[in-house]
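So you can see what is in the structure, the chains are spelled out below.
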Amino acid sequence: MNFDMTAEQEKTADLLTYALIAIGILLLGSGLAVWYLRRRAAKSRQESQEQLDSVHQELATAQEHLAAASGELRESARQLRSTSRMLDRLEKERKEEHKEQRQQARMLENGHRRYTDLLSGGSIYLWQRKNLTDFIDYYRTANPKFAEDADRQYGKLTPNQAVCLILKDMGKGDQEIMELMNLSPGAFHTMHSRMQKK
């Protein structure tokens, strides 16, 4: 896409150069024609009227060409501005997409760190909310079948409910889940009953 945009800019620059050369040639031709007429008028008054008519015709044609070239130049400038705006918009979109990708990568990296920490005996109850959500997003990304089944069976879950479901999927028993999440048996059963009602 960058190559196409660069080629379009070079094409536009070439058009501008050709238009300026044409205008210069037309102006030079007009100047030479006027000079020629004045010189001929000094030599011969009889021929001057015919030559003036001829020059007027040439000037009219030159002005038409100049007007056409000027219109093409204005159109090329308009297209160049439009292309520049489009390039700016695409660059902004590219930067935003790159920023989103970096955020997604950081989220997955943090989620993976929480996952490996949990596998090596870490606990969940001290995690901040972002650690919970990153862990959930990582696990759902790594296990799309689990994510699909959970969405179909339970719908939208709170972060704690989702973590509880993930721990069950990882093969943890109820007692271990309560310890990892620092839940009392009553809180654990309440959370389970609310999940079942969804």
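Residues numbered from 1 in each chain as written. Predicted model: local features only at pLDDT ≥ 70, side-chain atom pairs only at ≥ 80, totals over all residues. Heavy atoms only, no water.

### Things to note about the layout of surface pockets
Estimates place the volume of the largest pocket at around 240 Å³. For the largest pocket, the lining is made up of 15 residues, of which Ile136, Arg140, Asp151, Leu157 and Ala162 are closest to its centre. Sorting the residues of the lining of the largest pocket by element identifies α3 (129-142), α4 (144-154) and α5 (159-169) as the ones contributing at least two each. Split by residue class, the lining of the largest pocket holds eight nonpolar, three polar and four charged. Taken as a whole, the second largest pocket spans an internal volume of roughly 170 Å³. Taken together, Met1, Asn2, Met5, Thr6, Leu87, Leu90, Glu91, Glu93, Arg94 and Glu97 make up the lining of the second largest pocket. If you list the elements that add at least two residues to the lining of the second largest pocket, you get α1 (2-43) and α2 (45-119). Ranked by residues supplied to the lining of the second largest pocket, first place goes to α2 with six residues. Looking at the lining of the second largest pocket residue by residue, the class counts come to four nonpolar, two polar and four charged. (1 Å grid on protein atoms, 1.4 Å probe; cavity = no way out; pocket = protein on both sides within 12 Å on 5 of 7 lines; lining within 4 Å. Points joined across faces, edges and corners; volume = space filled by probe spheres on them. Helix = DSSP H or I, 4+ residues; strand = E, 2+ residues; numbered from the N terminus. Nonpolar A, V, L, I, M, F, W, Y, C, P; charged D, E, K, R; others polar.)

### Side note on the packing of α4 against α5
For the pair α4 and α5, interaxial distance at closest approach is 12 Å and the crossing angle is 130 degrees. In terms of axis orientation, α4 runs oblique to α5. In this structure, the crossing between α4 and α5 has a hand that is right-handed. Facing α4, whose interface residues are Phe146, Ala150 and Tyr154, α5 presents Leu165, Ile166 and Asp169. Across the contact of α4 with α5, the residue classes tally to five nonpolar, no polar and one charged. (Axes fitted to C-alpha atoms, helices over the stretch in contact; angles between N-to-C directions. Parallel < 35°, antiparallel > 145°, perpendicular 65-115°, else oblique. Left-handed = near helix turned anticlockwise from the far one by under 90°. Contact = heavy atoms within 4.5 Å.)

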